[in-house]
Amino acid sequence: VALLEQTWNCVTKGVCGSFMEAASYDVIIVGAGNAAMAAAVSAREKGASRVLVLEKAPAHLRGGNTRFTGGLFRFAFECADNLGQLMPEAEHTAPAFFSSVPPYPPSQFYRDLMWASHGAIDHDMAITLVTESFETLLWMRRQGIALEPARSIGAVRYHGKLHWSPGAVLRTRNAGMGLSDLWFQIAANREVEIRYSAAALSLARDECGRVAGLWVKDPDGRKLLPAKAVVLGCGGFEANADWRRSYLGPEWENAKIRGTAFNTGDGLRMAFALDAIAYGQFSGCHCTPIDTNAPALGDLSQTDQSNRLSYPHGVMLNRAGQRFFDEGENFQFYTYARLGALILQQPGGIAFQIFDAQGASLLEPRYRTAAPIVDDSLPGLIHRLGIDRRTAIATLEAYNNAPRSGTFDPSMLDGFSLRGISPPKSNWARQLTAPPFYAYATTGGLSFTFGGVKINKDGQVLTLHDKPIPGLFACGEIVGGLFYNNYLGGSGLTAGAVFGRAAGASAASYARLRNAATPLRLSCVGPIASSQ
Ligand SMILES: Cc1cc2nc3c(=O)[nH]c(=O)nc-3n(C[C@H](O)[C@H](O)[C@H](O)COP(=O)(O)OP(=O)(O)OC[C@H]3O[C@@H](n4cnc5c(N)ncnc54)[C@H](O)[C@@H]3O)c2cc1C
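Residues numbered from 1 in each chain as written. Predicted model: local features only at pLDDT ≥ 70, side-chain atom pairs only at ≥ 80, totals over all residues. Heavy atoms only, no water.

### Focus: the nonpolar core
Put simply, the rule reads: For our purposes a nonpolar core is just a set of buried Ala, Val, Leu, Ile, Met, Phe, Trp, Tyr and Cys residues, chained together by side-chain atoms within 4.5 Å. Only protein chains enter the accessibility calculation, which uses a 1.4 Å probe. A residue is then buried if its area is under 20% of the maximum for its type, exposed if over 50%, and partly exposed in between. The helix count covers DSSP runs of H or I at least four residues long, the strand count covers runs of E at least two residues long, and both are numbered beginning at the N terminus.
Counting residues in each nonpolar core, the largest one holds 137 residues, and the members touching the most others are Val27, Phe97, Trp183, Leu214 and Leu232. Here the element with the most residues in this core is helix α16 (residues 491–517); it accounts for 10 residues.

So, in structure tokens, the structure goes:
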């Protein structure tokens, strides 16, 4: 405390010595995930000469949730030629891909965002995300990010043909690891400086109230880093158990976290200290069905492999032996991000995904990372699950015997549905009759939180009445307004890149103008964070 007081006095008197680094950065980016790295590269591209990325994690754990992802990017495209622009090499190596993928026009992307959020999405952000998505992927490709067909997570193979979940067709090569590694390589080529184990603690302001730097804790201690602009790209608060309890509810305190341990809401706390307004759904999060044996916290040796998203081709039962969800309501990437929370509400927080041999032939490869429970009969399988046997068998009989209409077709919402049963199964409602039968035990895994700060079209962080905080920008999951109650697979990475690129460019212009106007003088700084 004495040391902090001494530092505080020293800085406020304008005689800061060893605690304030002498050289000033044009732009400091907090975080090193997809959004932050897009911002850093964009800031350099737009002329910021000294750009620093602060990564709270040590080098071997760098990259945030981005590193854990499947690397799936959702974007609007009108035709196969658009995909060719993003992957010219694949036109030769994977010609069948281009003919098998249906277009995903901007109108459909927009409609889907509206559908997923029940209309709550920030309209301007939705329009930006949709209209900039393809151009941003082209920009990423120009930077050196390599893309490939997302066959293993975006498509099912049926009768020898690939059938795609709409809009979920491309991923980065080597998934999130590949994306993250390439971002670091591109940033290094552009002479972006990166400091590891360097946690931003709080924002500093100058005498005019403009953000003018950051207090940072790194292995050498605490220091003040002056900067003309700061971009917060440091994720949500999913790894902070106290905040989870407060904002999401007590049942979330011990939830399994699918990604990084370093996203603890620091950026939100720093921005709120400068009167940024809270925006978006603070009680909402992205939570998916995962293997019950998945680790309590994301493990980089497993990344996203515990995801269990082929449930539209089976039936889900809770421990009481009941169905609780329309497994065929929509394609998996339209329902999975809210299904995890529903599973956590079931007895014991688990659900079994049950498939017969037909359904099992459509499972995505990630199911291979678990050993299912297998039996030649449905009653035999149920017996081995330790769930309410009588109810479960009655539930499956009712499911198998319910009248059906339509024809099974995994390439579309086929309307092959059950009648007179609750919950319904609206599509792909094939009976479970072909042995052997398989059961996979799942629980809910929290990926990231939805609440955040509010930004304008330049990525500036806003206070009440939409007044920008001068010098402060934000991008990625720290920004609220895009996701409410649900989420479309692949939209987080695209949003991070779209808004990260914009925030980096705006921060660079702001730093340039500020350069010309007044030299940076830190005569007054914001409060030093007491935690950490
Ligand atoms: C397992 C998993 C799989 C996913 N798969 C996909 C997918 O395939 N496609 C998709 O679109 N989305 C996916 N998502 C969602 C996706 O992770 C996010 O949308 C995206 O990665 C968020 O990027 P970001 O840059 O905002 O945050 P992150 O990538 O989480 O980066 C945040 C960064 O901030 C750093 N940080 C935090 N606090 C501080 C501080 N005080 N000082 C300095 N640094 C700090 C962290 O260390 C980290 O580097 C997945 C999520 C998970 C967990």
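### Focus: unusual backbone geometry
With an omega of -5 degrees, the peptide bond between Ser422 and Pro423 qualifies as cis. In this structure, Pro423 sits in the loop between β19 (417–418) and β20 (437–449). Residues Pro435 and Pro436 are joined by a peptide bond in cis, for which omega reads 0 degrees. Non-glycine residue Thr303 carries a positive phi angle of around 40 degrees. Relative to the elements of secondary structure, Thr303 occurs in the loop between β14 (285–291) and β15 (315–317). Classification of Thr303 by relative accessible area gives buried; the value is 18%. The backbone phi angle of Asn485 is positive, close to 65 degrees, even though this residue is not glycine. Tracing the backbone through its elements, the reader meets Asn485 in the loop between β23 (468–474) and α16. Among the residues examined, Asn485 registers a relative accessible area of 43% and is labelled partly exposed.

### Observations regarding the layout of surface pockets
Keep this limit in mind: A cavity here means a set of 1 Å grid points, computed over protein atoms only, where a 1.4 Å probe fits but cannot escape. A pocket is an open set with protein on both sides within 12 Å along at least 5 of 7 lines, and lining residues have an atom within 4 Å of a point. Grid points are joined across faces, edges and corners, and a volume is the space filled by probe spheres set on the points. Residues are grouped as follows: Ala, Val, Leu, Ile, Met, Phe, Trp, Tyr, Cys and Pro are nonpolar; Asp, Glu, Lys and Arg are charged; all remaining types, including Gly, are polar.
Space inside the largest pocket adds up to approximately 340 Å³. Sorting elements by how many residues they give to the lining of the largest pocket places helix α12 (residues 332–344) first, with five residues. Within the lining of the largest pocket, the residues separate by chemical class into seven nonpolar, five polar and two charged.

### Concerning the sheet that holds strand β4 (residues 147–149)
Inclusion rule: Being paired, for any two strands, means DSSP has found at least two bridges between them.
Overall, antiparallel pairing links the three strands, which are arranged β3-β7-β4 in an open sheet. Each edge of the sheet is formed by a strand with only one pairing partner; in this case those strands are β3 (72–73) and β4. Sheet topology note: the β3/strand β7 (residues 170–172) ladder contains two bridges and is antiparallel. Its bridge partner lying in β7, Leu72 is registered against Arg171.

### Side note on the side chain of Asp356
What counts is decided by this rule: His is not counted, nor are the chain ends; Lys and Arg add positive charge and Asp and Glu add negative charge. We define a salt bridge as a side-chain nitrogen of Lys or Arg found within 4 Å of a carboxyl oxygen belonging to Asp or Glu. Side-chain atoms alone can form a polar contact between residues adjacent in sequence; in general such a contact is a pair of N or O atoms within 3.5 Å, and within protein one must be able to donate a hydrogen while the other accepts it. Should any heavy atoms of two residues lie within 4.5 Å, those residues are considered in contact.
Looking at the secondary structure, you find Asp356 in the loop between β16 (351–355) and α13 (357–360). There is no salt bridge for the buried Asp356, and the closest opposite charge comes from Arg430, which lies 6.0 Å off by N-O distance. Side-chain polar atoms of Asp356 contact the backbone nitrogen of Thr433, separated by 3.0 Å. Separated by 3.0 Å, the side chain of Asp356 and the backbone nitrogen of Ala434 make a polar contact. Residue contacts for Asp356: discarding those within four places in its chain leaves Gln431, Leu432, Thr433, Ala434, Pro436, Phe437 and Tyr438.

### Some words on the packing of aromatic side chains
Short version of the rule: Pairing of aromatic side chains here covers Phe, Tyr and the six-membered ring of Trp, requires ring centres within 6.5 Å, and sorts the geometry by plane angle: under 30 degrees stacked, over 60 edge-to-face, intermediate tilted. Consider the ring centre and the ring normal. A charge sits over the ring if Lys NZ or Arg CZ is within 6 Å of that centre and within 35 degrees of that normal.
Per the stated rule, a full pass over the model turns up 29 aromatic pairs. Aromatic pair Phe483 and Tyr487: ring centres 4.8 Å apart, planes at 65 degrees, arrangement edge-to-face. There is no split in this pair, since Phe483 and Tyr487 are both buried. One residue, Arg74, lies across the ring of Tyr334, its end atom 5.3 Å from the ring centre. Taking NZ or CZ as reference, Arg404 lies 5.1 Å from the ring centre of Tyr399, over its face.

### Some points on helix α6 (residues 106–116)
Let me state the cut-off plainly: An arc is given here, and it is the one of the directions from the helix axis to the C-beta atoms.
Restricting attention to buried positions, one finds in α6 the residues Gln108, Phe109, Asp112, Leu113 and Ala116. Projected down its long axis, α6 shows its buried positions confined to an angular sector of 140 degrees, all on one face. Buried positions along α6 lie against α7 (123–143) and α12. Remark: His118 follows α6 within two positions and exhibits a positive phi of approximately 50 degrees.

### Topic: the packing of α6 against α7
The line we're drawing: Axis definition: a line fitted to C-alpha atoms, limited for helices to the stretch in contact. Angles are taken between N-to-C directions and run from 0 to 180 degrees. In this scheme the handedness of a crossing depends on how the near helix is turned from the far one: anticlockwise by less than a right angle means left-handed, clockwise means right-handed.
For the pair α6 and α7, the least separation of the axes is 9 Å and the interaxial angle reads 145 degrees. Note that α6 runs across α7; the crossing there is right-handed. Listed contacts from α7 to Pro106, Phe109, Tyr110, Leu113 and Met114 of α6 are His123, Ala126, Ile127, Leu129, Val130 and Ser133. Tallied by class, residues from the contact of α6 with α7 come to nine nonpolar, two polar and no charged.

### Focus on the environment of Cys234
Tracing the sequence through the fold places Cys234 in the loop between β11 (221–232) and α10 (241–248). A relative accessible area of 14% means that Cys234 is categorised as buried. In this structure the C-alpha to C-alpha distance between Cys234 and Gly33, which are 201 residues apart in sequence, comes to 7.5 Å. When near neighbours in sequence (up to four residues on either side) are disregarded, Cys234 contacts Val30, Gly31, Asn263, Gly267 and Ile478.

### Quick word on the environment of Asn240
For Asn240, the location among the structural elements is in the loop between β11 and α10. Of the residues examined, Asn240 reaches a relative accessible area of 15% and is grouped as buried. Along the backbone, Asn240 and Val30 are 210 residues apart, and their C-alpha atoms lie at a distance of 18 Å. Here Thr264 takes part through its backbone oxygen, which lies 3.0 Å from a polar atom of the side chain of Asn240.

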